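# What the coordinates show
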Amino acid sequence: VAVEPQLFVVLEPRRGTDEIMVASEGSSDNVSAARWDGDVWTNITVITNRTVSAPNQEDFSIAWESLSGDAMVAWGATVTANYTKFNRTSLDWNSEGLIRDRGAVTSVAQITICSNPQTDQIGAIMGPDSAGDVIAAIWNGTDWEPELQAPGEEGGGEVIATKGVFCSWTNNTNVAL
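Rules used in this analysis
- Numbering of residues starts from 1 in every chain and runs along the sequence as written.
- Note on the predicted model: pLDDT of at least 70 is required for a residue's local features to be given, and 80 or more for side-chain atom pairs to be given and counted; whole-chain, interface and lining totals, by contrast, use all residues.
- Values reported for side chains reflect all heavy atoms of the structure, with hydrogen atoms and water molecules removed beforehand.
- Secondary structure elements follow DSSP: runs of H or I no shorter than four residues count as helices, runs of E no shorter than two count as strands, and numbering proceeds from the N terminus.
- Throughout, a residue-residue contact means that at least one pair of heavy atoms, one from each residue, lies within 4.5 Å.
- Areas reported as accessible are Shrake-Rupley estimates using a 1.4 Å probe. Residue values count occlusion only from the protein chains shown.
- Pairing of aromatic rings covers Phe, Tyr and Trp, the last through its six-membered ring, and needs centres within 6.5 Å; plane angles under 30 degrees mean stacked, over 60 mean edge-to-face, and all others mean tilted.
- We define a salt bridge as a side-chain nitrogen of Lys or Arg found within 4 Å of a carboxyl oxygen belonging to Asp or Glu.
- Only protein chains enter the accessibility calculation, which uses a 1.4 Å probe; a residue whose area is less than 20% of its type maximum is buried, one above 50% is exposed, and one in between is partly exposed.
- We treat two strands as partners when DSSP finds at least two bridges between them.
- Every definition here rests on a 1 Å grid over the protein atoms only: cavities are sets of points where a 1.4 Å probe fits but cannot get out, pockets are open sets enclosed by protein on both sides within 12 Å along at least five of seven lines, and lining residues have some atom within 4 Å of a point.
- Grid points are joined across faces, edges and corners, and a volume is the space filled by probe spheres set on the points.
- Think of it as three bins: nonpolar holds Ala, Val, Leu, Ile, Met, Phe, Trp, Tyr, Cys and Pro, charged holds Asp, Glu, Lys and Arg, and polar takes everything else, Gly as well.
- In the analysis that follows, any N or O atom pair within 3.5 Å is treated as a polar contact, provided that within protein one partner can donate a hydrogen and the other can accept it, and provided that, for residues neighboring in sequence, both atoms belong to side chains.

This part takes up the overall build of the chain. Assigned secondary structure in the chain consists of zero helices and 13 strands. Counting from the amino terminus, helix and strand elements in the chain follow one another as β-β-β-β-β-β-β-β-β-β-β-β-β. The contacts of the chain with a sequence gap of at least 6 include a subset with a gap of at least 24, amounting to 47%. Of the roughly 8300 Å² that the chain leaves accessible, carbon and sulfur atoms contribute 52%.

Quick look at the packing of aromatic side chains now. Counted by the stated rule, this structure contains five aromatic pairs. In textbook terms, an aromatic cluster arises when at least three aromatic residues are bridged by ring pairs, as seen for Tyr-83, Trp-139 and Trp-144.

With that settled, consider the pattern of salt bridges. Under the counting rule described, the total for this entry stands at five salt bridges. Between Glu-19 and Arg-35 there is a salt bridge, with the nearest N and O atoms lying 2.7 Å from each other. One end of the pair, Glu-19, is in the loop between strand 1 (6-13) and strand 2 (20-26); the other, Arg-35, is in strand 3 (residues 31-36), with 16 residues separating them in the sequence. Across the pair, exposure class does not vary: Glu-19 and Arg-35 are buried alike.

In terms of burial, strand 3 is a largely internal element, five of the six residues being buried. Of the pairings in the sheet, the one linking strand 2 to strand 3 comprises six bridges and is antiparallel in character. Bridging from a neighbouring strand, Ile-20 pairs with Trp-36 of strand 3. In textbook terms, the turn of a hairpin is the stretch between consecutive antiparallel strands, and for strand 3 and strand 4 (residues 41-46) this stretch comprises four residues, one of which, Gly-38, has a positive phi near 110°.

Spatially, the four strands line up as an open sheet ordered 10-11-12-13, and their pairing is antiparallel. The open sheet has two edge strands with one neighbour each: strand 10 (111-115) and strand 13 (144-145). As paired elements, strand 11 (residues 122-126) and strand 12 (residues 135-139) share five bridges and run antiparallel to each other. Each residue of the ladder has a partner; that of Ala-124, found in strand 12, is Ala-137.

The next point concerns the layout of surface pockets. Approximately 420 Å³ is the volume attributed to the largest pocket. Forming the walls of the largest pocket are 25 residues, and the residues nearest its centre are Glu-12, Arg-15, Ala-63, Cys-114 and Ser-115. It is strand 5 (residues 60-64) that provides the largest number of residues to the lining of the largest pocket, a total of five residues. Taken together, the residues that form the lining of the largest pocket break down as 13 nonpolar, six polar and six charged.

Its place among the elements puts Asp-37 in the loop between strand 3 and strand 4. Sequence-wise, Asp-37 and Asp-18 are 19 residues apart; in three dimensions their C-alpha atoms are separated by 6.6 Å. Once residues within four sequence positions are removed from consideration, Asp-37 is found in contact with Asp-18, Glu-19 and Thr-42. In this structure the side chain of Asp-37 is engaged in a polar contact, spanning 2.8 Å, whose partner is the backbone nitrogen of Asp-39. One polar contact links the side chain of Asp-37 to the main-chain amide nitrogen of Val-40, over a distance of 2.9 Å.

In structure tokens:
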């Protein structure tokens with residue numbers, strides 16, 4: 001974890017295990033992550049090296065793929081929503097990837113990701129951005145599904161500094177809300 005005051009901390013347990021993934025955002029706006037393996041903190045890394053974009057709000061999230069046991073950390077960075085994955089086989093972090101480029105719209109202010117309890121799918125809700133847009137995306141276990149980015153951009157989101165986007169899956173019907 002970056003050596004600085006941590007402003008936001010998120011912990012996400014892995015179902016059926018003693019593992020916990022933690023991510024935190026410090027005063028310099030860098031996001032760090034570590035894995036509790038049931039005994040000790042391990043796989044500690046600084047995920048982002050950002051200049052201050054929104055240090056006054058939680059703009060990152062964690063989810064575990066239910067089948068593979070890989071973890072994902074997602075965050076907003078200026079006009080993009082990005083992610084990285086922790087690979088349980090190699091016990092290492094993958095390089096950064098893009099969820100969505102928001103283009104000319106400024107600031108992916110908030111992002112929440114959530115795991116499908118039956119598959120490796122992960123849902124993502126991003127926004128509201130500075131124009132009040134909220135969008136959704138689905139990770140299929142390998143890549144982001146562009147055709148599933150419904151409802152598309154919803155222009156009715158209220159721009160607020162507190163967490164305003166949420167994500168959840170039903171237990172048995174593979175429906176993300």
